[in-house]
Amino acid sequence: MSDMITADLVDLDLSADTKEAAARALAERMVTQGRVTDLEGFLADVAAREAQMPTGLDGGIGIPHCRSAHVTEPTLAFGRSAAGIDFGAADGPADLIFLIAAPAGADDAHLTILSSLARQLMNAEFTSALRAVGDPETAAALIRGDEAPSAKSAEDTSEDTAAAPVAASTGAAAGKTAHTPDASAADAGAGGASPEGALTADTAPPAAEPAPAGAGTATGTGSGERPFRVVAVTSCPTGIAHTYMAAESLENAGREAGVEVVVETQGSAGFARLDPAVIAAADGVIFAHDVPVRDKDRFAGKPTVDVGVKAGINRPAELLAEVREKAARGEASAPAHASAGTPVDRAGDSTEGYGTKLRKWLMSGVSYMVPFVAAGGLLIALGFAIGGYKINKAPSVMDHFLWTQADSWGALLFQIGVVAFGFLVPVLAGYIAYGMADRPGLVPGFVGGAISLTINAGFLGGLAAGLIAGGVVLAIQRVHIPAALRGIMPVVVIPLISSAIVGFLMFVVIGKPIASAQKGLTDWLNGLTGTNAILLGALLGLMMCFDLGGPVNKVAYTFATAGIAVSNPGDSAMKIMAAVMAAGMVPPLAMALATTVRGRLFTQTERENGKAAWVLGASFISEGAIPFAAADPLRVIPSSMVGGALTGALSMAFGATLRAPHGGIFVVPLIGNPFLYLLAIAAGVCVTTALVVLLKGLRKPVPGSTATDPAAPAATAPKEAKQPIAA
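Since the model is a prediction, treat every value here as computed from it, not as a measurement.

### Observations concerning the pattern of salt bridges
All told, the structure shown has 17 salt bridges when counted by the stated rule. The salt bridge involving Lys19 is made with Glu50; its shortest N-O contact spans 3.6 Å. Within this pair, whereas Lys19 is found in helix α1 (residues 19-32), its partner Glu50 is found in helix α2 (residues 39-52), the two being separated by 31 residues in sequence. Salt-bridge contacts for Asp295 lead to Arg273; the nearest nitrogen and oxygen are separated by 3.1 Å. Within this pair, whereas Asp295 is found in the loop between β9 (284-289) and β10 (304-307), its partner Arg273 is found in the loop between β8 (260-265) and α11 (276-281), the two being separated by 22 residues in sequence. Taken together, the salt bridges that share partners define one network made up of Glu264, Arg273, Asp295 and Arg298.

This is the structure:
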């Protein structure tokens with residue numbers, strides 16, 4: 001931290017009486033040192049961060065901070081106020097004020113050091129030393145870690161200091177996963193300061209420290225038993241200070257209470273996901289956050305306390321007590337579903353094979369693209385329904401729009417839909433790259449996707465551009481970069497180099513072959529007639545009903561949406577979309593019908609699920625059949641596949657078309673040949689129902705009780721059925 005704070009950035013007699021004046025006084029020192037280029041712009045960024053959440057902390061501490069484009073390098077200024085300044089803390093004014101300034105593109109190393117300071121602020125010995133220090137040089141040295149707090153300056157915490165090594169050893173024994181990152185953070189930010197001291201010293205009374213330390217790992221639930229285990233996630237809007245202070249506070253409170261606490265800090269420096277084994281072994285979860293928790297479904301099904309990040313700093317013991325009470329009462333959050341969370345959040349597990357990662361990367365892009373397809377497709381379809389099939393030739397509504405004319409409204413909806421469709425390929429490519437390389441992958445991914453549209457490489461070009469962009473960024477991130485350049489890497493170097501490489505490859509190397517392949521695929525689809533079209537419809541129907549929302553189902557659905565993801569799709573592409581949606585509606589509708597006509601073949605739970613399956617099936621949510629497939633897969637899945645294949649084939653044979661990628665029966669007015677389309681769905685539903693009833697009738701009928709085996713899995717499956725996932 002030697003380059004972050006110097007004596008010139010320390011004011012031990014801060015005379016400001018408001019937090020705005022304090023920030024200005026400290027920021028002026030940064031300007032004088034050349035650390036801030038625009039005083040007013042920087043102060044505006046500080047004020048904007050302060051407006052999100054007060055930065056005052058219990059114990060007389062204020063930590064105004066922000067990321068700003070007006071900061072040239074990570075900088076810390078310190079001020080001490082005799083009168084105290086109100087920063088919004090519950091216990092009163094702050095006398096220790098730390099102004100933290102991070103560049104908009106601060107690199108991970110700098111942010112790690114700043115987070116280490118945030119953790120040190122939870123150390124009573126450290127804050128006591130700053131209150132007693134007599135000159136700026138010594139204050140700066142204390143903050144940098146060049147000089148350890150003296151016993152004289154922190155006399156009231158000397159007993160804590162003596163107990164610290166014992167507590168540290170306890171922390172290592174009781175929760176080594178939590179201890180290791182803390183120690184490394186202290187090493188990085190505190191220099192010669194003792195990591196153990198930074199981890200264990202806090203504001204607790206001295207006599208309270210030795211008890212949990214001596215109790216070892218048995219203090220959680222009794223002698224000889226393992227301690228109560230808690231995993232926590234902390235995060236704040238800026239991700240610099242509160243995130244890490246809450247983590248330190250929770251860990252300290254856990255050591256006092258004999259509770260193993262392992263914290264995942266989702267800060268500006270990124271975050272490393274907790275080991276799934278650690279989460280699985282946890283008895284409770286604490287979320288202390290002011291921004292959404294990433295990959296939250298990992299923690300589902302456990303007793304959970306969800307609070308703001310400042311609660312994690314100010315009352316960690318209460319949070320630990322609350323989560324233990326919830327665990328004792330058996331309260332838990334809803335269990336995770338296989339489809340919960342976004343593919344981006346779940347991508348990148350180092351233990352997964354390349355094939356699995358590739359599928360997740362691709363589904364990452366598809367998951368973000370589908371809403372654009374749905375919105376754009378429905379708007380275009382509504383435009384045609386209102387304005388007729390020549391609406392695509394209407395002039396711009398900016399030049400001609402009559403409020404009382406239906407054609408004008410049809411043209412408006414059509415043109416909005418076309419604009420939405422223009423984002424499809426860039427979003428697909430951008431979020432494939434995001435799934436691979438996180439935020440640095442977005443810029444080259446979007447650029448590559450836009451180039452794909454320019455060269456008419458379409459959907460296939462977007463897939464290639466996203467994978468290339470993610471790979472290029474990952475390669476750049478592995479290159480050793482001089483420390484002087486790290487600050488500009490995320491905002492200048494990586495976007496510049498990766499966009500140039502992706503653009504070169506798309507324009508000069510692979511763009512033309514991919515465009516040719518895209519044209520060939522389009523021509524093949526447009527040329528499908530007769531038997532070939534019917535066979536394709538049957539194949540897509542089989543895929544849609546094979547795993548009811550799983551990977552095979554999603555492949556068929558993505559294939560269909562890719563065909564209509566243009567402003568003027570061909571007739572064959574719209575036929576494929578219609579066949580896919582029709583087939584996806586068959587399984588839940590068939591299960592609903594089967595439970596109605598032969599209820600005695602199903603358990604009471606399945607009959608209740610059947611009522612919901614009517615709505616789910618009509619809405620094109622294939623997952624409505626999951627409870628039945630889970631209870632009796634060998635009868636339900638083959639029957640569904642037969643009915644789905646029949647519906648897909650009939651839909652193609654009848655020439656039904658669909659411009660909207662979703663909606664079920666609610667978009668029937670937008671379907672070409674709607675009556676024959678509904679007939680195809682009815683035929684598949686009847687065939688699947690007949691097969692299920694026949695196959696189930698060959699065994700002994702299941703009474704209405706829930707004592708039989710099939711009821712057990714069915715009883716837990718209805719929650720799966722309620723997940724509104726396309727197809």
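### Quick word on the packing of aromatic side chains
Applying the stated rule across the entire model yields 11 aromatic pairs. Between Phe78 and Phe98, the ring centres sit 4.9 Å apart and the planes meet at 35°, which makes this aromatic pair tilted. Of this pair, Phe78 sits in strand β5 (residues 75-85) while Phe98 is found in strand β6 (residues 94-103), placing the two residues 20 residues apart along the sequence. Overall, the relative accessible area of 0% leaves Phe98 in the buried class. Note on Phe287 and Phe299: the rings are 5.4 Å apart at their centroids and 85° apart in plane angle, and the pair reads as edge-to-face. Residue Phe287 is located in strand β9, and its partner Phe299 is located in the loop between β9 and β10; the two are separated by 12 residues in the primary sequence. Taken individually, Phe287 and Phe299 each receive the classification buried, so the pair is uniform in this respect.

### Re unusual backbone geometry
It is generally the case that most residues other than glycine have a negative phi and that most peptide bonds are trans. One non-glycine residue, Asp295, lies in the positive phi region at around 60°. Positive phi, normally seen in glycine, also occurs at Asn456, with a value near 65°. Note that Asn456 resides in the loop between α18 (442-454) and α19 (458-477). Its relative accessible area of 60% is what places Asn456 among the exposed residues.

### Remarks on the pairing of β6
Counting buried positions over the 10 residues of β6 gives 9, a clear majority of the element. Across 2 bridges, the pairing between strand β3 (residues 61-62) and β6 is parallel. The residue of β6 that forms the bridge with Gly62 is Ile97. The pairing of strand β4 (residues 65-68) with β6 spans 4 bridges and is parallel. Bridging across to β6, Arg67 finds its partner in Ala102. Across 7 bridges, the pairing between β5 and β6 is antiparallel. Opposite Arg80, over in β6, you have Leu96 as the bridge partner.

### Some details on the confidence of the model for the protein chain
On average, residues of the protein chain score 77 in pLDDT, and 76% of them reach the 70 mark or higher. A low-confidence stretch, residues 151-223 stays under pLDDT 50, and its non-local contacts, those more than four residues away or across chains, total 112 contacts. The low-confidence segment residues 702-727 (pLDDT under 50) makes 63 contacts with residues lying over four places distant or belonging to another chain.

### Comments concerning the sheet that holds β10
Reading across from one edge, β8-β7-β9-β10 is the order of the 4 strands in this open sheet, with parallel pairing throughout. Two strands bound the open sheet, and with one partner strand each, they are β8 and β10. Going from strand to strand, the sheet's axes swing by 15° on average, the running direction of each strand aside. Across 6 bridges, the pairing between strand β7 (residues 229-235) and β9 is parallel. Among the inter-strand pairings, Ser235 is bridged to a residue of β9, identified as His289. Its contacts with the sheet place helix α13 (residues 316-329) against β7, β8, β9 and β10, and it is angled at close to 145° to β10.

Conventions and cut-offs
Residues numbered from 1 in each chain as written. Predicted model: local features only at pLDDT ≥ 70, side-chain atom pairs only at ≥ 80, totals over all residues. Heavy atoms only, no water. Salt bridge = Lys/Arg side-chain N within 4 Å of Asp/Glu carboxyl O. Helix = DSSP H or I, 4+ residues; strand = E, 2+ residues; numbered from the N terminus. Phe/Tyr/Trp six-rings, centres within 6.5 Å; stacked < 30°, edge-to-face > 60°. Buried < 20%, exposed > 50% of the residue type's maximum accessible area, 1.4 Å probe, protein only. Pairing = 2+ DSSP bridges. pLDDT = per-residue confidence, 0-100. Contact = heavy atoms within 4.5 Å. Axes fitted to C-alpha atoms, helices over the stretch in contact; angles between N-to-C directions.

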